[in-house]
Amino acid sequence: MSFDASASDWRYSVDRAALIQRLSAVLPAESLLVDEEDLRPYESDGLTAYRCLPSLVVLPADESQVRAVLRICHQFRAPVVPRGAATGLSGGATPHPDGVVVSLARLKKILRIDPLARTAVVQPGVRNLAVSEAAAPYGLYYAPDPSSQIACTIGGNVAENSGGVHCLKYGLTVHNVLRVRGLTSDGEEVEFGGGGLDAPGYDLLAVVIGSEGLLALITEITVRLTPKPLLAQVAIASFADVRRAGEAVAGIIAAGIVPAGLEMMDRKAIHAVEPYVNAGYDLDAEAILLCEADGTPDEVAEEIARVRTVLENSGASEVRVSVSEAERLRFWAGRKAAFPAVGRMTPDYLCMDGTIPRKRLADMLEAIEILSTKYGLRCANVFHAGDGNLHPLIMYDANRPGELDRAAAFGAEILELSVRFGGTITGEHGVGLEKVDLMAAQFGCGEIAAFHRLKAAFDEPGLFNPGKGVPTLARCREYILARAGTTSSILANR
């Protein structure tokens, strides 16, 4: 799947030769990629169904070079697509055919760690896991832990407001970042938040976190570090049907328990993961829950006992508790390896990302099973169950005519159902290209217009990541007209 480069709201008129000449004056030759064979590795992010060859790629070595590149692109009215490790799954780093990809891979310094203030100041190219590794000698770590944390960068985490398996207790990126510095599309420096609990002026930090490269190009981040708990244990519960597993999730939260992590996997995901990781999962279960408690030994013992009671009362056929740190990590390794494990079973897959109320988890899983039959495609499911963030993995083969289109339609129907169930079209992966039209399933034209005004306040010429995140009003109206009067057959029967 590629862009319609002929679309009037997509094309930009850029003098490529002149742009290359100007950029060559501020960048060393190795930092400016212009040949097709060098550009090809940048044609997509983790959502490989969307591909586009960029016009140019630049790899600045510091903030001054980033500023110089942005000023030149602004003068040429050339689109700019920021790029980190490209592990994103919504097409947020997919290039623009007339634009410049600004890779921040070389801005990878941990500038300082303050163990007393429990903060770290890092450049955007620093890997998520590297922050925790650097903070470990001080008994601290960075709490948000996406499954891709070994590769994904903090800059990308900020752009997408990434979560992870421990976000229920410790929050998303937005809850763990104190300050962001960046540059507007004309190279002006902007700063959001600060080092303290409050910052002067309007609180715009949450605006830029999750803005998907539409408002500012991030050059420096101050993150909050968290003390390592003395102990952590995981309870893993098996269920004979998904509805009981979903009810157990609601029961844990209703009991006033806030686990460090609460994850759910269905039978297809379990059977994908177990041969890949040997995590020790129950292959006879229709669904499993992973529930982690952390804190002091006494706190953990009490919470695990309460969790076990809820799980057993909810119909769990088996409950096991990790007896060592190695076993705890092995249980989590299975969940964190779900995406690559499913990748071994199918040539291609789409990883969807909606959020629904916890009480509707079983309804959604049953609906996905019906949709799987409707579209003739397999789907494995993993959930950040504690906050209702679902990740259906729709399996398809792009080499078979029509399968990608069916997979996209399958995914769109899941996200529309998410909204109708009282949720949202994205939990942590962002809108990007994948869900840009589906924004109209969640928001009206008035709200979409307000989003455009916000973007214009930061990026008046619309050079940052055009065509993503927010649909044009024309596309919004087209979607609404196309879907007018339609109701999912799945929902109609509930």
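Every residue gets a number counted from 1 within its own chain, in the order that chain's sequence is written. Confidence filtering applies because this is a predicted model: local features only for residues at pLDDT of at least 70, side-chain atom pairs given and counted only at 80 or more, and all residues used for totals across whole chains, interfaces and linings. Hydrogens and water are ignored here; the side-chain numbers use all heavy atoms of the structure.

Draft legend 1. Local environment of the overall build of the protein chain. Runs of H or I in DSSP of at least four residues are treated as helices and runs of E of at least two as strands, each being numbered from the N terminus. Helix and strand counts for the protein chain come out as 18 helices and 19 strands. When its C-alpha atoms are laid out on the principal axes, the protein chain stretches across 70 × 55 × 45 Å. Each of the 494 residues in the protein chain was classed as buried or not, and the buried ones make up 56%. Looking at the protein chain alone, contacts between residues at least 24 apart form 74% of all its contacts between residues at least 6 apart. For the accessible areas, the method is Shrake-Rupley and the probe is 1.4 Å, while residue cover comes only from the protein chains on display. Element-wise, carbon and sulfur atoms account for 52% of the exposed surface of the protein chain, whose accessible area totals about 19900 Å². Residues scored as positive are Lys and Arg, those scored as negative are Asp and Glu, and His as well as the terminal groups of each chain are ignored. Charge placement uses NZ in Lys and CZ in Arg. For Asp and Glu, CG and CD serve respectively. Taken as two groups, the 48 positive and 61 negative side-chain charges of the protein chain have centres that lie 0 Å from each other. Summary of the burial criterion: residues with accessible area below 20% of their type's maximum are buried, those above 50% are exposed, and those between are partly exposed, where the area comes from a 1.4 Å probe applied to protein chains only. Here, residues are in contact when the closest pair of their heavy atoms is within 4.5 Å.

Draft legend 2. Molecular detail of the sheet that holds strand S3 (residues 80-83). Strand order in the open sheet made by the 4 strands is S1-S2-S4-S3, with mixed pairing throughout. Strands at the two margins of the open sheet, each flanked by one partner only, are strand S1 (32-33) and S3. The pairing criterion for strands is at least two bridges between them, as found by DSSP. Here strand S2 (residues 56-58) runs beside strand S4 (residues 100-103); their pairing, made up of 3 bridges, is parallel. Bridge pairing in S4 links Val58 to Val102. Relative to S2, helix H1 (residues 16-24) is tilted by about 15 degrees, and along the sheet it contacts S1, S2 and S4. The axes used here are C-alpha line fits, helices contributing only the stretch in contact, and every angle between their N-to-C directions lies in the interval 0 to 180 degrees.

Draft legend 3. Up close: the environment of Ile448. Position of Ile448 among the secondary structure elements: in helix H16 (residues 445-458). Ile448 sits in the buried class, given a relative accessible area of 0%. Along the primary structure Ile448 and Ser55 are separated by 393 residues, whereas in three dimensions their C-alpha atoms are 29 Å apart.

Draft legend 4. Broad picture of unusual backbone geometry. Although it is not a glycine, Arg77 sits at a positive phi angle of roughly 50 degrees. Of note in the backbone geometry, Asn161 takes a positive phi value of approximately 50 degrees without being a glycine. Of note, Asn161 is situated in the loop between helix H5 (154-160) and helix H6 (167-170).

Draft legend 5. Quick look at the environment of Ala136. Assignment of secondary structure puts Ala136 in the loop between helix H4 (128-135) and strand S7 (140-141). Placed 92 residues apart in sequence, Ala136 and Lys228 show a C-alpha to C-alpha distance of 8.4 Å.

Draft legend 6. Representation of the environment of Tyr12 in the model. Looking at where Tyr12 falls in the secondary structure, it is placed in the segment before H1. With relative accessibility at 22%, the residue Tyr12 sits in the partly exposed group. Expressed as a C-alpha distance, the spacing of Tyr12 and Pro97, which sit 85 residues apart in the sequence, is 8.8 Å. If sequence neighbours within four positions are ignored, Tyr12 has contacts with Arg77, Pro79, His96, Asp98, Gly462, Leu463 and Pro466.

Draft legend 7. Inspection of the pattern of salt bridges at higher detail. A carboxyl oxygen of Asp or Glu within 4 Å of a side-chain nitrogen of Lys or Arg is what we treat as a salt bridge. Counted under the stated rule, the structure contains 30 salt bridges. A salt bridge links Arg335 to Glu263; its shortest N-O distance comes to 2.8 Å. Taken together, the positions of Arg335 in helix H11 (residues 325-336) and Glu263 in strand S13 (residues 261-266) put the pair 72 residues apart, joining distant regions of the chain. The residue Glu434 makes a salt bridge to Lys435 at a minimum N-O spacing of 3.0 Å.

Draft legend 8. Inspection of the side chain of Thr184 at higher detail. Following the sequence through the fold, Thr184 ends up in the loop between strand S8 (177-183) and strand S9 (189-193). Discounting chain neighbours no more than four positions away, the residues touching Thr184 are Leu70, Val190, Leu215, Phe458 and Phe464.

Draft legend 9. Spotlight on the pairing of strand S18 (residues 379-384). Buried residues dominate S18, accounting for 6 of its 6 residues. Along S18, one buried face is formed by Cys379, Asn381 and Phe383 and the opposite face, lined by Ala380, Val382 and His384, is buried too. Summarising the sheet, S13 and S18 pair through 2 bridges and their orientation is antiparallel. Paired with Met264 across the bridge in S18 is Phe383. Of the pairings in the sheet, the one linking S18 to strand S19 (residues 389-396) comprises 6 bridges and is antiparallel in character. By the bridge assignment for S19, Val382 is matched with His391. The loop that links S18 with its antiparallel partner S19 comprises 4 residues; one of these, Gly388, has a positive phi angle of about 75 degrees.

Draft legend 10. Highlighting the side chain of Thr153. Looking at the secondary structure, you find Thr153 in the loop between S7 and H5. For this analysis, a polar contact is any N or O atom pair within 3.5 Å, provided that within protein one partner can donate a hydrogen and the other can accept it, and provided that sequence-adjacent residues contribute only side-chain to side-chain pairs. Reaching out from Thr153, the side chain makes a polar contact with the backbone oxygen of Pro124 at a distance of 3.5 Å. Not counting the four nearest positions on each side in its chain, Thr153 is found in contact with Gly84, Ala85, Pro124, Gly125, Val126, Arg127 and Asn128.

Draft legend 11. Spotlight on the nonpolar core. In terms of nonpolar packing, the biggest core is built from 86 residues, with Met264 and Leu311 touching the most fellow members. In terms of residue count, the dominant contributor to this core is helix H13 (residues 361-375) (7 residues). Discounting residues that sit within four places of it in the chain, Met264 has contacts with Val242, Ala245, Gly246, Ala287, Ile288, Leu289, Leu361, Leu365, Asn381, Val382, Phe383 and Ala385. Val165, Phe331, Val342 and Cys351 belong to the second-largest nonpolar core, a separate cluster that totals 25 residues. We call a set of buried residues a nonpolar core when its members are Ala, Val, Leu, Ile, Met, Phe, Trp, Tyr or Cys and they connect through side-chain atoms within 4.5 Å of each other.

Draft legend 12. Seen up close, the packing of H1 against helix H3 (residues 63-76). H3 packs onto H1 with a crossing angle of 155 degrees between their chain directions and a minimal axis gap of 10 Å. Compared by their axis directions, H1 and H3 come out roughly antiparallel. By crossing handedness, the relation of H1 to H3 is classed as right-handed. Only Val69, Ile72, Gln75 and Phe76 of H3 make contact with H1, whose side of the interface consists of Ala18, Leu19, Arg22 and Leu23. These descriptions rest on fixed angle ranges, namely under 35 degrees for roughly parallel, over 145 for roughly antiparallel, 65 to 115 for roughly perpendicular, and the rest for oblique. Take the far helix as your reference; a near helix turned counterclockwise from it by less than a right angle gives a left-handed crossing, and one turned clockwise gives a right-handed crossing.

Draft legend 13. Representation of the state of the cysteines in the model. In this description, a disulfide is simply a cysteine sulfur pair whose atoms lie within 2.5 Å. In total, this model carries 0 disulfides according to the counting rule given. Unpaired in terms of disulfides, Cys152 finds its nearest cysteine sulfur in Cys167, a separation of 13 Å. The closest cysteine sulfur to the non-disulfide-bonded Cys445 is located on Cys476, 3.4 Å from its own sulfur.

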